[in-house]
Protein chains: 2
Amino acid sequence: MISRISMIGLTLVFMAGCRQVTPQGNGGSTGFDLVDSAGNIRKPSGYRDRYQALGAYTVLKSTGNEMHVVYASPGTAEYYRKTGKFADGTVLVKEVFGTDHAPLTTGDAHWASGTKVWFLLIKDVKGRYPGNPLWGDGWGWALFKSDAPNKQVAVDYKKDCFGCHVPAKATDWIYVQGYPVLSPK
Amino acid sequence: MISRISMIGLTLVFMAGCRQVTPQGNGGSTGFDLVDSAGNIRKPSGYRDRYQALGAYTVLKSTGNEMHVVYASPGTAEYYRKTGKFADGTVLVKEVFGTDHAPLTTGDAHWASGTKVWFLLIKDVKGRYPGNPLWGDGWGWALFKSDAPNKQVAVDYKKDCFGCHVPAKATDWIYVQGYPVLSPK
């Protein structure tokens, strides 16, 4: 009996370990692990390894070029391809890098260098935090800057975040055209 | 006894499932599953979901801008951060996209559109295929084009691939500066 119970325990340990890291997980429904009861959002650790990169935008501008790399919680892409939607609890991390560039063998190449800021979104289909100005339009919105990487500094998503997303209203405020992995295969 | 054996079986099934998808796997040592006994290389399926994106280069050129997104087999980044090396069997897939661009809210934004070609590398520390002209300098080298995505078309890595990698000799022929996830944390 003891052996059988220990085997069950072993199985559960492996299941738990699996669940933490699988890219084909449960549609990202664990995003609320990053949120406290008042709706305050923290940034996940290890997202470069544990999350799936959806794609990148390179933005050329006179104030300094940037590369925006977007990571999504495990299962996001698989769920989106099936449904055309982001699952409740999906976490998107947009890491905004400065860039370096050089004439490499392929041409005038631009690549990510130091991180400037992180924008973070958590999909909320239930309107869980109606009194919190960082939640609305189907998402929780957060901003972290490189001088204090774990300090959420956005105050009001409508002022601090939303303006840039308005043109992407038809795709749930997300610029999905830059994310090939979301396209049907 | 039967129950105990079935539990062991169940555990192994979960372990196997885990292993296939974990991004923190065994350093990529399964890359040779993609190679036949003569050294012929095939392209892995599902790498956008199963592999880890290392980073991207946006290349501006008069013949058409490109975005190069590089995906690595599970465990590659973790192993590299620990050792400064790519593990035997590591698979790198460089998907070369054309780009679209538009003045978005962040600036002159460029993003990946249709795939043009895939370059694929498999790390080989043992010199397994000395008579095959697609293996040498510590890697197996392969090229696939979008008109026949599963047909390997490189003939001789020294002519078809290597020239572009020579400037990256000091980092095992890989342009690691564009892959933030490889940097020590």
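The present account deals with the structure reproduced in this document. (Residues numbered from 1 in each chain as written. Chains lettered and ligands numbered in written order. Predicted model: local features only at pLDDT ≥ 70, side-chain atom pairs only at ≥ 80, totals over all residues. Heavy atoms only, no water.)

1. Considerations on the overall build of chain A
Scanning chain A from N- to C-terminus turns up four helices and seven strands. Along chain A, helices (α) and strands (β) appear in the sequence α-α-β-β-α-β-β-β-β-β-α when read from the amino end. By sequence separation, contacts in chain A at least 24 residues apart represent 56% of the contacts at least 6 residues apart. As displayed, chain A offers around 8,700 Å² of accessible surface, 57% of which is attributable to carbon and sulfur atoms. (Helix = DSSP H or I, 4+ residues; strand = E, 2+ residues; numbered from the N terminus. Contact = heavy atoms within 4.5 Å. Areas by Shrake-Rupley, 256 points an atom, 1.4 Å probe, with all protein chains shown as cover.)

2. Focus: helix α3 (residues 76-83) of chain B
Those residues of α3(B) lying buried are Thr76(B), Ala77(B), Tyr80(B) and Arg81(B). The buried residues of α3(B) all sit within an arc of 125° when viewed along its axis, so they share a single face. Of the surrounding elements, those touching the buried residues of α3(B) are α2 (47-50) of chain A together with β1 (52-60), β2 (66-72) and β3 (91-104) of chain B. Positive phi shows up at Gly84(B), right after α3(B), with a value of about 75°. (Buried < 20%, exposed > 50% of the residue type's maximum accessible area, 1.4 Å probe, protein only. Arc of directions from axis to C-beta.)

3. Let's talk about the pattern of salt bridges
Pairing is possible between side chains that carry opposite charge, provided their charged atoms lie close to one another. Under the defined criterion, the tally for this structure stands at 16 salt bridges over all chains. For the salt bridge of Lys61(A) with Glu66(A), the shortest nitrogen-to-oxygen distance reads 3.6 Å. Residue Lys61(A) is classed as partly exposed on the basis of its relative accessible area of 26%. For Glu66(B), the salt bridge goes to Lys116(B), with nearest N and O atoms at 3.6 Å. (Salt bridge = Lys/Arg side-chain N within 4 Å of Asp/Glu carboxyl O.)

Function cannot be read off these values alone, since they describe shape.
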